[in-house]
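# Understanding the architecture of this molecule
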Amino acid sequence: MGKVIVSNIVSLDGYIEGANDELDWPVVEKEFFDYAEAMLEATDVILFGRKTYEMMAAHWPTETVKKDDPVIAGKMNGLPKVIFSSTLTSIGWENSTLIKANIEEEILRLKAKTQKDIVILGSGSIVSQLTQANLIDEYRLIVNPVILGSGTPEFTGNISRKVLKLTDLKRLKSGVVILYYQPIN
């Protein structure tokens, strides 16, 4: 059975993007790419909300990215992707499936049929909904050494208290720290 894993880059103050949707602040270097490659190698399915899907679908299939980063681009393009959106009417990125409703049922179905991980990238509203439904098995927060002051928070909406256990951490030379947490309640 697959595990649902959140793997998100966050600022020290908990934002996944800046106040103007900017993403120019994350530190991405060799150690980060090594993490991303290993994470994708252990993944069966990637989950996105609409906004993250649109950003990723505009980036990864381009010829420049495929040439500059063939390993990660190959995984991002080749892995099955499930996009949760009530507003999208169609999707064009290869190996993508659009789900308009019943997100929790779909997650349970995916968990039952996968052997490797099911990874959520970005998609704060999806992370929040699945957190509230107790469907996240692990949180990997890639904390960057920056304070944004405002922006899109990792968690939104009405989430009841969740107690987590730190299971691992990885310190990168850049000052980024990857924190691994599992829910304990």
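Residues numbered from 1 in each chain as written. Predicted model: local features only at pLDDT ≥ 70, side-chain atom pairs only at ≥ 80, totals over all residues. Heavy atoms only, no water.

## Focus: the pairing of strand E3 (residues 43–49)
Our working definition: Accessibility here uses a 1.4 Å probe with only protein chains present; expressed as a share of the type maximum, an area under 20% marks a residue as buried, one over 50% as exposed, and anything in between as partly exposed. Secondary structure elements are taken from DSSP: a helix is a run of H or I of four residues or more, a strand is a run of E of two residues or more, and numbering for both begins at the N terminus. Think of it this way: DSSP has to see at least two bridges between two strands before they count as a pair.
In terms of burial, E3 is a largely internal element, six of the seven residues being buried. With four bridges joining them, E3 and strand E6 (residues 117–120) adopt parallel strand pairing. Paired with Val 45 across the bridge in E6 is Ile 118. Here E3 pairs with strand E4 (residues 81–84) via four bridges, running parallel. Its bridge partner lying in E4, Leu 47 is registered against Val 82.

## With respect to the nonpolar core
Put simply, the test is: Only buried residues count toward a nonpolar core. Its members are Ala, Val, Leu, Ile, Met, Phe, Trp, Tyr and Cys residues joined through side-chain atoms within 4.5 Å. By the convention used here, residues are in contact when the closest approach between their heavy atoms is within 4.5 Å.
Core analysis: the largest hydrophobic core is formed by 26 residues, its most contacted members being Phe 48, Trp 60, Met 76 and Leu 121. At the level of elements, helix H1 (30–41), E3, helix H2 (50–59), helix H4 (70–78) and strand E10 (177–183) are the ones that each hand at least two residues to this core. Beyond its immediate chain neighbours, meaning those up to four positions away, Leu 121 contacts Ser 7, Asn 8, Met 39, Ile 46, Leu 47, Phe 48, Thr 52, Met 56 and Met 76. Leu 47, Phe 84, Ile 107 and Leu 130 belong to the second-largest nonpolar core, a separate cluster that totals 18 residues.

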